[in-house]
Structures are given as structure tokens and as C-alpha cells.
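# Understanding the architecture of this molecule
Below, each chain spelled out in residue letters.
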Amino acid sequence: MARTAAGRLRHTATAGALVVALFGAAACTGTAPGGPTVVGGAPTVTGAAPTVTGAAPTVTGAPTSAPPATPAPVPDVLRFTGTTLTGAAFDAAQFAGRPVVLWFWAPWCATCASQAWTVAEIAPKYRDTVPIVGVAGLGEQRAMKDFVTEFELAGTTQVDDRKGALWKRFKVTEQSIFVIIDRTGAVVHRGFLDGEALSARVAALAGA
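Residues numbered from 1 in each chain as written. Predicted model: local features only at pLDDT ≥ 70, side-chain atom pairs only at ≥ 80, totals over all residues. Heavy atoms only, no water.

Once that is clear, we can look at the side chain of Thr 118. With respect to the secondary-structure elements, Thr 118 resides in helix 2 (residues 110-122). Setting aside residues up to four positions removed in sequence, Thr 118 forms contacts with Gly 195, Leu 198 and Ser 199. (Helix = DSSP H or I, 4+ residues; strand = E, 2+ residues; numbered from the N terminus. Contact = heavy atoms within 4.5 Å.)

Written out as C-alpha cells, the structure reads:
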């Protein structure tokens, strides 16, 4: 019987050792025996917040406007009107701020005829810078129109002054006379000019 008791004691000790060993192995693995194994961590959030593209539209084409130019004051010397040989209304105020040449001529005047060719040649060139305006007087309208046609002056303004109103205004008592007015409205010449002198004066005024 003593052997039997000793055998039981050894069997019990062996069983206890096995239990301890099993618990020790479980402690090394970090899982409780028979417990569920957790796989897969917390779900990963993918897809960043959408990027906003396209900046605010730039406003282009904003209206820009330069202030209107102030018209030049009209000097007293250019405050007159008339009618051209073609019947159009004429207003000398349009030349304010520019030099202008007034040419007083008569249709029967030989000197006027010699100057007409120069006027016909240079007037178109300086139309926008130094206008040349003919003032026809001391004759009949038919003769004045024939003079314009003969000397190819149709491209130059020709005022019909048969009554002599402008001749009196500018104190012109003979033909052919040029009255030159500068851009300030001052009369800088009143008298005769041949073709060469006229061309030089007009060119100088255009470059001033």
C-alpha cells in the first residue's frame, strides 16, 4: 500500500507540472488558451479629401477710358463762318489749336493764278496740320468755280466771299494776300508770298 500511495503522488505531481507548462506556454504567446485570434487592425482610411481646383475667376477686360481731350479754345480771329464754293457750310472754329493759312484771291488775278499751283500741291500734304483755306472775292461765282477747276483746287476748301465780308474782317485790300494764323490765334503774317516762301512757311508751322 505504501507503493501505491507513492505512485499516486508522482502521478499528481506530473499532472501539475503539465498544467504549469501549458500556462507558461500560453503566457509566452500572449493569447489565452482557446481565445479568439484578432486579425486585421483598424480599417485604414483611404482617399484624401478632394482637392479644390480652379481659382476664383480673374476679372479681365475692365473698362478703361482715357478722359476726353479738352478742345482748344477758339480765338477771336477764328470766330467766323461762311459758305464754300460748293455750297457747304464753313466754320473757322474747327481750326482752333492749329495754325491755318487764309489765301485771299480773285479769279481774274494773274498773280493768284501763279500761286494756285503751289497751293494745289502743298495743301493736301498739310491738310491735317496746317490747313490752307482759300477766300475767293472780287468776282462772279461762275468765274471762281472755273478758277478752282482750272488749277485743280477742288481738294482745298474755298470760301465764297463775293460780298467781301471776310476781306474786310482781315483788312485785305488787294490780291493775292496770305494771312497766316498760328496755333495760339495770333496773326503772324499778312501779305504777299511767292510759291517758295509759302512752302517754307507752311513746313515750318507744321514742324513747330
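The discussion continues.
Right, let's get into unusual backbone geometry. For the peptide bond that leads from Gln 175 to Ser 176, omega is -5°, which places it in the cis range. Topologically, Ser 176 is positioned in the loop between helix 4 (165-169) and strand 6 (177-181).

Examined against the element boundaries, Phe 95 turns out to sit in the loop between strand 2 (89-91) and strand 3 (100-105). Note: C-alpha distance between Phe 95 and Pro 131 (36 residues apart in sequence) is 7.9 Å. When near neighbours in sequence (up to four residues on either side) are disregarded, Phe 95 contacts Leu 78, Phe 90, Val 100, Pro 131 and Val 133.

Of note, Gly 82 is situated in strand 1 (residues 81-83). In the structure, Gly 82 is positioned 84 residues away from Leu 166 in sequence and 8.8 Å away in space, judged by C-alpha atoms. Aside from chain neighbours lying at most four places away, what touches Gly 82 is Ala 88, Ala 89 and Phe 90.

Let us now look at the pairing of strand 7 (residues 187-191). With 4 bridges joining them, strand 6 and strand 7 adopt antiparallel strand pairing. By the bridge assignment, Ile 181 is partnered in strand 7 with Val 187. Hairpin geometry of strand 6 and strand 7 is characterised by an intervening segment of 5 residues between the two adjacent antiparallel strands and by a positive phi of about 95° at Gly 185. (Pairing = 2+ DSSP bridges.)

Core analysis: the largest hydrophobic core is formed by 28 residues, its most contacted members being Trp 103, Trp 105, Phe 147 and Leu 153. If you list the elements that add at least two residues to this core, you get strand 3, helix 2, strand 4 (132-136), helix 3 (141-150), strand 6 and helix 5 (195-207). For this core, the element with the most residues is helix 2, which contributes 6 residues. Residues within four places of Trp 105 in sequence aside, it is in contact with Leu 85, Cys 112, Gly 134, Val 135, Ala 136, Gly 137, Met 144, Phe 147, Val 148, Gln 158, Trp 167 and Gln 175. Formed by 19 residues, the second largest nonpolar core is a distinct cluster that contains Val 77, Val 100, Phe 104 and Phe 170. (Core = buried A, V, L, I, M, F, W, Y, C linked by side-chain atoms within 4.5 Å. Buried < 20%, exposed > 50% of the residue type's maximum accessible area, 1.4 Å probe, protein only.)

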